[in-house]
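Residue strings, one per chain:
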There are 2 protein chains.
Amino acid sequence: MSAETFLADFHHVATIGATPASGVDRQAATAEDKQTRDWFAGFAADHGWEVRVDGIGNMFALLEWTPGAPYVLIGSHLDSQPLGGRFDGAYGVIAGLHAAERVDLRVAEALQAGADAPRHNLAVVNWFNEEGGRFAPSIMGSSVFAGLMDESRMLAVKDLAGTTVAEALEAIGYLGTDARPEVAGYAEIHIEQGRILEREGLALGAVDYSWYTQKLDIEVLGEQSHTGATAMADRHDALVAASKVVLLVHDVTGKFEEEALVSSVGQLTLEPNSPIVVARRVHLVADLRSASPEIVRQARASLLEDIAAIAREHDIRINVNDFDIRDIQYYPEDGLELTEKVAANLGLGIRRIRTMAGHDSVAMNRIVPTVMMFIPSVDGVSHCEREFTTDADMVAGLDALSGVAWEMVNGALIGAESAEHDAGVLASGPAVSGAVAAGAGAR
Amino acid sequence: MSAETFLADFHHVATIGATPASGVDRQAATAEDKQTRDWFAGFAADHGWEVRVDGIGNMFALLEWTPGAPYVLIGSHLDSQPLGGRFDGAYGVIAGLHAAERVDLRVAEALQAGADAPRHNLAVVNWFNEEGGRFAPSIMGSSVFAGLMDESRMLAVKDLAGTTVAEALEAIGYLGTDARPEVAGYAEIHIEQGRILEREGLALGAVDYSWYTQKLDIEVLGEQSHTGATAMADRHDALVAASKVVLLVHDVTGKFEEEALVSSVGQLTLEPNSPIVVARRVHLVADLRSASPEIVRQARASLLEDIAAIAREHDIRINVNDFDIRDIQYYPEDGLELTEKVAANLGLGIRRIRTMAGHDSVAMNRIVPTVMMFIPSVDGVSHCEREFTTDADMVAGLDALSGVAWEMVNGALIGAESAEHDAGVLASGPAVSGAVAAGAGAR
């Protein structure tokens, strides 16, 4: 219940899969992921909460006060990037468990004082494979839950060693068969992974929209040859051309206002990858993000043109395919106002903020009224071992999440206000009302 | 015995590990390598020749006419690059077997006519792991034989899957214990892997020296971060810096006369290699080669300076280490003259030619008088599936190898002339006389 108990739990979980430089390595459905899952299940069992595991490995800890009522979900993900940070995702799940504990106590006090049971029940969720480092795409568990990705196709996704999601989940005992809880709303808290809150000295960010993102799958096809015997003029070196593509993807950001576009290549493999053989094929993935879909489209067009020029220059073939396009998503206005009200009550500094990273809340926001909150990240660094947030900032965030969860189980944001939520969704995709969406998400 | 039998054997071996585009994939100590080895052993057994396998997997087929006399070795390697060509290496071994068959018949005829037995015996060799694609470094089997690499260290070398050379050879049944034959001289025939012979319409090249080569092991250490959430200005992207290094390694050739230097990066890996994570580490290998050690040294110095500038620009660390330095090796003058004489007798056009690629003969030339011959490569391409040499060129090369082998078993090049051979070795390394070297090579 106390801040100390929460911090002790947080720092304990950070020891699971810990790396020498204070990070964690807990990729989806690995032995380390299993350990954090067991810890989550143990926490729920200790509190007498029912635990369910669904068919894509999402875990739910259920607090039921009003039999049959749908659930407000709070949580995030316990998996990490390879050599990732200990805050990304884990903070939101552990804060979720402690917020649920607080709300549970407050409900018990209210019931004892003669109040009605809350309008909604509460569940804490640990989403499967938010990171996507081992199994692509990322945000997998919540997207399957929200009906945005097909469960059987995701279960067949393989990692680089050829293991499928189904096999990996089965191996750690977390390929579940439980019914998904019917969902009425969702709230998540996460580290910012940027430096805006830190720079402005604010405790909290109310996330108002997610950036437009898209990836480009790029295949550079040269010709394999001998690094020693083949004359420079006779080569069609796929890696030389691919290196120019990597630099183009980086440099295209310079064509726009500072930080209006982020763009990078994080994955690249070459064949045959032998020290004395000129590469015949390089496969790489470029990731483009902006608050403006138009900027991404312009950057993409500029890249396609420049990549075609490189292909001509090197007399090789370069195939480029769009994938993983994620439209801008607006979070509902009444959720932003709720977060601001809770922050004001707690005396916490807050501002509205966009997210450049994807989150489980982006998927959930497609089907139910959703609140997304950020706490500060020191130096703005993330997806690395030196990711850091202070204990004080984590505790302030827990207070805010507890307040939002309390309001939401008692009806805030959900019900009459659902029309406003729908208006906020500008993205393409299934247009569902809050009620219909809840049914779809619960299958 | 006939050209047809030779060609039938060559085209049969090309079906082992064949790839759809007419290449082969027979990396060292794989199941496909085992198949060609079994074929080699079967050919020797059919001819009544003793087969030996030494402690690093080299195979020898022995023809003994003069008990106790040392052997002239002829051969090359049956292993290939991943998706490599069917001529590189295999041609030299199969031509070696057929040349041995021809010399054997000629010796039998001479003995019947009352001549003395040849001064030396003859052995055909299939060297282990010339390519180095699976296990680095390349030219492993012949270098161990020549005492240039340590056998136990090479047996402990691992492939990317963690399998050692010893385990891989054991698994295919070719980790031998046989004594190495005592060696008096070496001859090898190989495709040129360049387009000089083709351009000049010549059937044969007498290799006069090998290029100076060296590799650079380059490690680029950036900082892992989120491809979406991290501002461009806050990144230390190891792949962006590594791409600039790849282009530097390519562009440095432009500072010298055309084709005076070849330089490339064939191997590159990044960590964590996740589509949504900025890379923290890139490891790559650069390969520099020239006829002039001074040009390689200048290129290396220029690269070190430019790489340091990139490290400063990106505020990251780049470690560069020299390895696999191979000095220029001159082949003995009397071997060149012998090859020219044999070619003249056969009416084959010939020229002296340097080798930019490494070969087993470069290692053997360090310990015994060695002859190296090239036949033409169509378009000069190699280490790829479309590598090609005509049947007529292969048959002409077989005739030349048979002639050289006949002369060498009868004393040409070996014995009184060994002093000239030593004078030809300008490289550093163990300075050994032909006789001492033979002892060292035979352990």
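Note that the coordinates shown come from a computational prediction; the quantities given were computed from them, not determined experimentally.

Undergrad: Sorry, what's going on with the relation of the copies chain A and chain B here?
TA: To go from the first copy of the chain to the second, apply a rotation about an axis and then a shift along the same axis. Under the fitted operation, chain A is carried onto chain B by 0.0 Å of movement along the axis and a turn of 180°, and the coordinates agree to an RMSD of 0.1 Å. What we have between these two chains is a two-fold relation. The rotation axis passes nearest to the C-alpha of serine 243 of chain A in chain A, at a distance of 2.3 Å. Interface overlap between copies is the fraction of interface residues in one copy that are interface residues in the other; for chain A against chain B it reaches 98%, indicating a shared surface.

Undergrad: Would you take a moment to explain the packing of helix α10 (residues 333-346) of chain B against helix α12 (residues 391-409) of chain B for this structure?
TA: A pair of packed helices is captured by two measures, namely the crossing angle of their axes and the spacing between those axes. Residue and element names in this part refer to chain B. Between α10 and α12, the least distance of the axes is 9 Å, while the angle of their chain directions is 125°. When the interaxial angle is binned, α10 and α12 end up oblique. As α10 runs across α12, the sense of the crossing is right-handed. Here α10 contributes Leu338, Thr339, Lys341, Val342 and Leu346 to the contact with α12, which in turn contributes Asp399, Ala400, Gly403, Val404, Glu407 and Met408.

Undergrad: Looking at this model, I keep getting lost on the interface of chain A and chain B. Mind explaining?
TA: Across the contact, 63 residues belong to chain A and 62 residues belong to chain B. The junction of chain A with chain B conceals about 5,400 Å² of combined surface from both sides, 58% of it contributed by carbon and sulfur atoms. Inspection of the chain A/chain B interface yields four salt bridges. Note that glutamate 223 of chain B is salt-bridged to arginine 386 of chain A, the shortest N-O span being 2.3 Å. At the boundary of chain A with chain B, the tally comes to 30 residue pairs in polar contact (both at pLDDT 80 or more). Elements that contribute at least two residues to the side of chain A that touches chain B include exactly β8 (225-226), α8 (238-251), β9 (261-271), β10 (277-278) and β11 (281-290) of chain A. Here the side of chain A that touches chain B gets 10 residues from one element, more than from any other, and that element is β9 of chain A.

Undergrad: What should I look at first to understand the packing of aromatic side chains in this one?
TA: Aromatic rings considered in pairs are described by the distance between their centres and by the relative angle of their planes. Residues and elements named next belong to chain A. A complete count under the given rule lists 20 aromatic pairs over all chains for this structure. Relative to tyrosine 330, the ring of tyrosine 209 has its centre 5.6 Å away and its plane inclined at 40°; by these criteria the two rings are tilted. One end of the pair, tyrosine 209, is in strand β6 (residues 204-210); the other, tyrosine 330, is in strand β13 (residues 329-330), with 121 residues separating them in the sequence. These aromatic residues form a ring-pair network of at least three members: Phe60, Trp127, Phe145 and Tyr186. Residue placement shows arginine 37 over the ring face of tyrosine 174; its charged tip is 5.1 Å from the ring centre. When the ring centre of tyrosine 212 is taken as reference, the NZ or CZ atom of arginine 297 above it lies at 5.6 Å.

Reading guide: rules and limits
Residues take numbers from 1 onward in each chain, read along the sequence in its written order. Note on labels: chains are lettered from A, ligands numbered from 1, in written order. With the structure being a predicted model, the display of local features is reserved for residues of pLDDT at least 70 and the display and counting of side-chain atom pairs for 80 or more, all residues being used for whole-chain, interface and lining totals. Values reported for side chains reflect all heavy atoms of the structure, with hydrogen atoms and water molecules removed beforehand. A least-squares superposition brings the copies together, and it is based on the C-alpha atoms of residues with pLDDT no lower than 70 in both. Whether two residues are in contact is decided by their heavy atoms, any of which lying within 4.5 Å being enough. Axis definition: a line fitted to C-alpha atoms, over the contacting stretch in the case of helices. Angles run 0 to 180 degrees between N-to-C directions. Helix and strand definitions here come from DSSP, where helices need a minimum of 4 consecutive H or I residues and strands a minimum of 2 consecutive E residues; each element is numbered from the N-terminal end. An angle counts as roughly parallel when it lies under 35 degrees, as roughly antiparallel when it exceeds 145, as roughly perpendicular when it falls between 65 and 115, and as oblique in every other case. In this scheme the handedness of a crossing depends on how the near helix is turned from the far one: anticlockwise by less than a right angle means left-handed, clockwise means right-handed. We define buried area as the total accessible area lost by two parts upon association, computed with a 1.4 Å probe and summed across both. We count a salt bridge whenever a side-chain nitrogen from Lys or Arg sits within 4 Å of a carboxyl oxygen from Asp or Glu. Pairing of N or O atoms within 3.5 Å defines a polar contact, subject to two protein rules: one partner must be a possible hydrogen donor and the other a possible acceptor, and residues neighboring in sequence count only if both atoms are side-chain atoms. A pair of Phe, Tyr and Trp rings is counted when the ring centres sit within 6.5 Å of each other, with Trp represented by its six-membered ring. The angle between the planes then sorts it: under 30 degrees is stacked, over 60 is edge-to-face, the rest tilted. We call a charge positioned above a ring when the Lys NZ or Arg CZ atom is no farther than 6 Å from the ring centre and deviates by at most 35 degrees from the ring normal.

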